[in-house]
Amino acid sequence: WAVRHQRSVCTKLLTIAGAVRRPLTLSVPLGTPFADCLALAGGAPEGYALWRDGALSGQRVDPATCWVDAANFGYLVVPPGHSLLAADAHDAKAQRLAARRAAFLHDTAGGRMQPMSAACALFDLSAFHRPRPEYLAVRMRDVCPARVRIVPVPGLGALEPCVSVGATVTCGQLVALQPENGGLRLHASVDGVVDASAPEGVSIVRPCGQGGCDARP
């Protein structure tokens, strides 16, 4: 849609689920730190692990270095001790389960259809089943990150920044290119000042006025 209508993508709809107090569906500016999303979800238990885009086809990521990007679908927060975490090298049962999970993901990536019951059994997703969970919707204007970081979409190489440190940018302005595999154009998701510009990402510090931030609805 954005390419067809030549519109910049500045926001992302994603879900925060798993071991959080309040599961959330969020509309946030691209580059929002995961910590801000987690705070809105009521926090997580100490020692939690984080999966980007879920347990089945996603990957484990470091919460401290996560910023919402254009390809994000959501985050799964996994509590300490959950079987999704690395198997104990001395636990034969855990090692067998890890091998079966790896085979399941390999077959799925190769295009083989898999029953959802197998996914639930292998990945212990029953721990996150709740009786008709109510997901709270949060609008973009209610999310006020002081700093956003426009990062590369995974798998498409490094950025080529189009702006320099100290430059003032507006929401929707082109700030970087990601040229691999046809190329992507990445835009500022907020108004602000660039405080970092590198192949790893472009950071924008935004002003906040009275009555909330200056995010565009």
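The notes below deal with the structure included here. (Residues numbered from 1 in each chain as written. Predicted model: local features only at pLDDT ≥ 70, side-chain atom pairs only at ≥ 80, totals over all residues. Heavy atoms only, no water.)

Remarks on the nonpolar core
Ile16, Phe34, Tyr75 and Val175 are the most contacted members of the largest nonpolar core, which totals 31 residues. Every element with two or more residues in this core is listed here: strand S1 (11–18), strand S2 (24–29), helix H1 (34–40), strand S5 (74–78), strand S7 (147–150), strand S10 (174–178) and strand S13 (201–205). Ala49, Trp51, Val78 and Leu85 belong to the second-largest nonpolar core, a separate cluster that totals six residues. (Core = buried A, V, L, I, M, F, W, Y, C linked by side-chain atoms within 4.5 Å. Buried < 20%, exposed > 50% of the residue type's maximum accessible area, 1.4 Å probe, protein only. Helix = DSSP H or I, 4+ residues; strand = E, 2+ residues; numbered from the N terminus.)

Here's the deal with the sheet that holds S13
Strand order in this open sheet of four strands is S7-S13-S12-S9, and the pairing throughout is antiparallel. Each of the sheet's edge strands pairs with one partner strand only, and the pair in question is S7 and strand S9 (168–169). In this sheet, S13 lies alongside strand S12 (residues 192–198) in antiparallel orientation, the contact comprising five bridges. Paired with Ala198 across the strands is Gly201, a residue of S13. (Pairing = 2+ DSSP bridges.)

Digging into the packing of aromatic side chains
Counted according to the given criterion, the structure contains one aromatic pair. Sitting above the plane of the Trp67 ring, Arg149 keeps its charged end 5.2 Å from the centroid. (Phe/Tyr/Trp six-rings, centres within 6.5 Å; stacked < 30°, edge-to-face > 60°. Lys NZ or Arg CZ within 6 Å of the ring centre and 35° of its normal.)

Let's talk about the sheet that holds strand S8 (residues 160–161)
Strand pairs in the sheet, formed through backbone hydrogen bonds, run parallel or antiparallel to each other. Strand order in the open sheet made by the three strands is S8-S10-S11, with antiparallel pairing throughout. Strands at the two margins of the open sheet, each flanked by one partner only, are S8 and strand S11 (184–187). Sheet topology note: the S10/S11 ladder contains four bridges and is antiparallel. For Leu174, the partnering residue across the bridge sits in S11 and is His187.

What to know about the pairing of S1
Here six bridges tie S1 to S2, and the two strands are oriented antiparallel to one another. Its bridge partner lying in S2, Thr15 is registered against Thr25. With antiparallel pairing between neighbouring strands as the criterion, S1 and S2 make up a hairpin whose turn holds five residues. Note that S1 and S5 share four bridges and pair parallel. Residue pairing in the sheet places Ile16 in a bridge with Tyr75 of S5.

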